[in-house]
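# Structural characterization, general
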Amino acid sequence: MEDTKAKNTNVELYTRYKTFSWDLLFYYAIIFLFFTETKGISAADVLLAESTYPIFKIIFLVPATVMINSLGKRMSLIIGNSFIALAMLTYIIGNNFWYIILGELLSAIGFIIKGICESNILYDSLEKNEKRGILFARIEGKGTSYYYYIDAISSVLSGILFAINGYIPMCLCLLMSVFSVYLAIKFKDIDERKKIDLGSVKEDLIDLKNSFKLFSKSPRLKYLLFFGALIWGTLLSITMLRSGIMQEVGIPSGYFGIIFAIMGLISGVSARNEQRFHKKYRNKTLGKLAIPLVFSFLILGIVCSSGAPYAIKVIVILLLFVVQYIVKGPFYPLIKQYLNNFTTTKLRTKISSSFNLLENILRFLITFSASTLLRFTTTANTFTVLGCVLGLIVVLTLDRMRTRVGLKPEEYTEKDANVMNLK
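Conventions and cut-offs
- Residues numbered from 1 in each chain as written.
- Predicted model: local features only at pLDDT ≥ 70, side-chain atom pairs only at ≥ 80, totals over all residues.
- Heavy atoms only, no water.
- Buried < 20%, exposed > 50% of the residue type's maximum accessible area, 1.4 Å probe, protein only.
- Core = buried A, V, L, I, M, F, W, Y, C linked by side-chain atoms within 4.5 Å.
- Helix = DSSP H or I, 4+ residues; strand = E, 2+ residues; numbered from the N terminus.
- Contact = heavy atoms within 4.5 Å.
- Axes fitted to C-alpha atoms, helices over the stretch in contact; angles between N-to-C directions.
- Parallel < 35°, antiparallel > 145°, perpendicular 65-115°, else oblique.
- Left-handed = near helix turned anticlockwise from the far one by under 90°.
- Patch = residues over 30% accessible without salt bridge, like charges linked within 9 Å, V, L, I, M, F, W, Y side chains within 5 Å.
- Areas by Shrake-Rupley, 256 points an atom, 1.4 Å probe, with all protein chains shown as cover.
- Salt bridge = Lys/Arg side-chain N within 4 Å of Asp/Glu carboxyl O.
- Lys, Arg positive; Asp, Glu negative; His and termini not counted.
- Charge placed at Lys NZ, Arg CZ, Asp CG, Glu CD.
- Expected span 1.5 Å × (residues − 1).
- pLDDT = per-residue confidence, 0-100.

### Describing unusual backbone geometry
Phi angles above zero are rare outside glycine, and Phe26 is one such case at about 60 degrees. Residue classification places Phe26 among the buried positions, given a relative accessible area of 12%.

Structure below.
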């Protein structure tokens, strides 16, 4: 009975937690301006510093997974949100490039822990039946959509407050991070924990290493993990570039908050309807989302580097941002749903770890490449190059996935059946 009560508490709390704590509020609309204008750091250096974030996440992936197995998801989630609050404090008090690096380190530790724990807390708390996956995606989608609505409001406010003083929205971001710690404390423990000792750490390291090898033997998981990590890593990599292209074209910084607020609302509506995407496109859903995304980069770069009038460039930027945010809304809950299908509780933690590892490797490659390109060319040309390269990779990967992902359980190969819970 106590276990059931704890699970119900977690399910009821999860939407509220997701709404306020999934990602940073009062942050993304102004962080590029905060670093470049308030702190006086160059755009290329800002992107270079951001490229260290996924590297730090890769380094701390295994230690974070070991810690989660030892301390449990609830305590780990509290620690993860605390690290993020410390990161925001570092950005506020820091005054040079190296403080950003330190902030990226603290933020990376926090988000790698959150990335493994959050969705698994919800999935572990749901009843084990045939509706579990659908209910999981529905709650995830609801919380994600609410987050985008709140993010839209905070984006408008952050733009207005930034014009008054650049530190005000960052202080509000810090306060929301502290509130996330409070919400994490209210979750209940429902998973088994292992005592921390050198022997258990060694066993966990070996277990994680073997799980990565295991997933590589499953065609379904291998391609699903790679494709999901590529698209999600791309979506997370282009936040600074969006601000950069608007600044380059000449859109006044006072409009940044309003623009990102509208885009956040679009993502919120899109995330709320993630099951409609799934029901309409079924096994073609990922392709229907990914192809418009990567080709929006190519069009954005070509138009903004051309001699088109200012008004045309602004219209194209806004329309293509709409495309990108429509994709961003449902993609995360959908890829999590697909990855969690045919799995067990233990396997889901390992899949989350593998997803985070791949996402951060690919995110580093994209962000570091963009930072390097910015030292030699414009933001518009950087978008053009990314559109060409990512477009080619996406098309080739989707072609390989056609006969390996989105099948009925009985249609998967013996290799898939041996890895996933198909028998």
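### A closer look at the nonpolar core
Membership of the largest hydrophobic core comes to 99 residues, with the highest contact counts inside it found for Met88, Met170, Met246 and Ile317. Examining the composition of this core, we find that 13 residues originate from one element, helix 15 (residues 310-340), more than from any other. Discounting residues that sit within four places of it in the chain, Met88 has contacts with Leu24, Tyr27, Met170, Cys173, Leu174 and Ser177. If you look at the next biggest cluster of nonpolar residues, it comprises 24 residues, including Leu13, Leu77, Ile116 and Ile121.

### What to know about the environment of Leu236
Structurally, the position occupied by Leu236 is in helix 10 (residues 219-237). As a C-alpha pair, Leu236 and Arg363 span 127 residues in sequence and 7.4 Å in three-dimensional space. The contacts of Leu236, once residues within four sequence positions are left out, are Glu50, Glu359 and Arg363.

### Quick notes on the packing of helix 4 (residues 61-71) against helix 6 (residues 97-125)
At a minimum axis distance of 9 Å, the contact between helix 4 and helix 6 shows a crossing angle of 50 degrees. The angle between helix 4 and helix 6 falls in the class oblique. Seen from above, helix 4 lies across helix 6 with right-handed handedness. Residues Leu61, Ala64, Thr65, Met67 and Ile68 of helix 4 touch helix 6, and the partners they reach there are Ile112, Ile113, Ile116 and Cys117.

### Some thoughts on a positive patch on the surface
Taken together, the side chains of Lys131, Arg138, Arg276, Lys279 and Arg282 make up a positively charged region of the molecular surface. Within the secondary structure layout, Arg282 lies in the loop between helix 13 (274-281) and helix 14 (285-304). Since its relative accessible area comes to 48%, Arg282 is described here as partly exposed.

### A word on helix 3 (residues 43-59)
For helix 3, with 17 residues, the first-to-last C-alpha span of 25 Å sits near the 24 Å given by 1.5 Å per residue. Among all positions of helix 3, only Ala44, Val46, Leu47, Ala49, Glu50, Ser51, Thr52, Tyr53, Pro54, Phe56 and Lys57 are buried.

### Observations regarding the confidence of the model for the chain
When pLDDT is averaged along the chain, the result is 84, and 88% of the positions lie at 70 or above. Looking at the elements of the chain, mean pLDDT is at its lowest for helix 18 (residues 414-419), recorded as 60, and at its highest for helix 8 (residues 167-185), recorded as 95.

### Concerning a nonpolar patch on the surface
A cluster of nonpolar side chains, contributed by Leu86, Leu89, Ile93, Tyr99 and Leu102, occupies part of the molecular surface with about 440 Å² of accessible area. Listing elements by their share of the nonpolar patch, those giving two or more residues are helix 5 (73-93) and helix 6. Counting residues per element, the nonpolar patch draws most heavily on helix 5, which supplies three residues. One can find Leu102 in helix 6. A relative accessible area of 38% places Leu102 in the partly exposed class.

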